[in-house]
Amino acid sequence: MSFSSVVIEGMAYSLPPEIYKSSDIEKKLSPLYESLKLPTGRLELMTGISERRLWPSNFKPSQASAEAGLKLLQSGINGSEVDLLIHCSVCRDRLEPATASYVHRLMGLGGGTQILDISNACLGFLNALVLAGSMIETGQIRRAILVAGENGAPLVDKTIQLLNEGDHTRKSIKPFFANLTIGASAVAWSIAHRDLVDKDCPSMGSWATETDTSYNELCQGDTSGDDLVMQTDSEELLHAGISVAQRAWAKFLKIQDWEPRDPELLITHQVGKAHSQAVLEALSIDPLINFSSFENLGNCGSASLPITYTLACEKDPQNLLRKTALLGIGSGLSSLMLSINP
């Protein structure tokens, strides 16, 4: 599907004040490092992540999302005129009710706002863009706010505990390594019918998707008591993800009628250095057009891609009007790619 009437009306974000360097994580893992004689500095060297931010473990996803959402409303959006609110995070307050209900209350949105959660690993925000954008395009609603609030602190803390207390080898720690790249952030976007907006805004174009669920065991997370645990086969996930992304990219270029050199700005899901380099090389994309945030934020789940685009536009407002490709991918595996300003 191609959008012709949907624009990104506003963007906002919120970051935790506490910064955790990769060296800080390694200090907490000193019992493991000493036991296995691991060289310090390997975490940043292998991932390219120098630091990430984390809220306290008891800081709820709804609180993070609402922080970003309230900043969004300050740009002049009337909360009573929001038709749809979608919470898009991996992290949720609880199974029931929807985390969107807490965000709705904290933001003070109106009684006519439909609320729901969307969960699809790190792809949730892009899925919500397509869903809400389609509702706007077909006249069902006029404006939607999408929020994602991710806090990796519980996962990072639990992983450090497991690694320090367990009887591990260099091989047995590999499934937990990706957990140490996780950070925290929150982002909120308002998308609306262009008739509601009297300024130049990024416009949503075409999208394409590719799914291969034969790889859905490569990254799995679940709760154990009150703790979130996750294990990832990072090497196999990288190879499988590249394969899915290549097929999605071919579809995307055809649907959008673009050549690989046409985008002026590229935003991908923020995993780390190896993933970014592999994606750019596999898709034959000029690395000079890529904007990244993983170096200072780490992997923030569903918030990673939208906050990175938000930061790119904040750094250079001209990016608001540049031809942009948003390249999302999530465990499962599924990839969704969306053009901006086609």
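Residues numbered from 1 in each chain as written. Predicted model: local features only at pLDDT ≥ 70, side-chain atom pairs only at ≥ 80, totals over all residues. Heavy atoms only, no water.

### Regarding the nonpolar core
- Core analysis: the biggest nonpolar cluster contains 41 residues, and Leu129, Leu146, Ile191, Met204, Tyr309 and Leu326 have the highest contact counts within it.
- Here this core takes eight residues from helix H6 (residues 124–137), the largest share from any one element.
- Not counting the four nearest positions on each side in its chain, Leu146 is found in contact with Ile86, Cys88, Phe125, Ala128, Leu129, Ala132, Val187, Ala188 and Trp189. (Core = buried A, V, L, I, M, F, W, Y, C linked by side-chain atoms within 4.5 Å. Buried < 20%, exposed > 50% of the residue type's maximum accessible area, 1.4 Å probe, protein only. Helix = DSSP H or I, 4+ residues; strand = E, 2+ residues; numbered from the N terminus. Contact = heavy atoms within 4.5 Å.)

### Topic: the sheet that holds strand E12 (residues 324–330)
- Taken in spatial order, the four strands make up an open sheet running E8-E13-E12-E11, and their pairing is mixed. Edge positions in the sheet fall to strand E8 (204–211) and strand E11 (265–268), since each of these pairs with one other strand and no more. Looking at each pair of strands side by side, their axes are set apart by 15° on average, direction ignored.
- Alignment of E12 against strand E13 (residues 334–340), held across seven bridges, turns out to be antiparallel. Within E13, the position partnered with Gly328 by the bridge is Leu336.
- Across the face of the sheet, helix H12 (residues 304–315) comes into contact with E11, E12 and E13 while running at roughly 150° to E11. (Pairing = 2+ DSSP bridges. Axes fitted to C-alpha atoms, helices over the stretch in contact; angles between N-to-C directions.)

### Structural notes on the pattern of salt bridges
- Within the structure shown, the criterion is met by seven salt bridges.
- Residue Glu9 pairs with Arg143 through a salt bridge whose shortest N-O separation is 2.8 Å. Separated by 134 residues along the polypeptide, Glu9 in strand E1 (residues 6–14) and Arg143 in strand E6 (residues 143–151) bring together distant segments of the chain. Residue Glu9 shares its accessibility class with Arg143, and that shared class is buried.
- A salt bridge links Arg322 to Asp316, with the nearest nitrogen and oxygen atoms 2.9 Å apart.
- For Arg322, a relative accessible area of 27% translates into the label partly exposed.
- Bridged by salt links that share partners, the residues Glu210, Asp212, Arg247 and Lys251 form one connected network. (Salt bridge = Lys/Arg side-chain N within 4 Å of Asp/Glu carboxyl O.)

### Some details on the packing of helix H9 (residues 234–256) against helix H10 (residues 273–282)
- In the contact formed by H9 and H10, the axes pass within 10 Å of each other and the chain directions differ by 35°. For the crossing formed where H9 meets H10, the hand is right-handed. Contacts between H9 and H10 involve Leu238, Ile242 and Gln246 from the former and His275, Ala278, Val279 and Ala282 from the latter.
- Split into classes, the residues belonging to the contact of H9 with H10 amount to five nonpolar, two polar and no charged. (Left-handed = near helix turned anticlockwise from the far one by under 90°. Nonpolar A, V, L, I, M, F, W, Y, C, P; charged D, E, K, R; others polar.)

Purely geometric stuff here, so don't read any function into it on its own.
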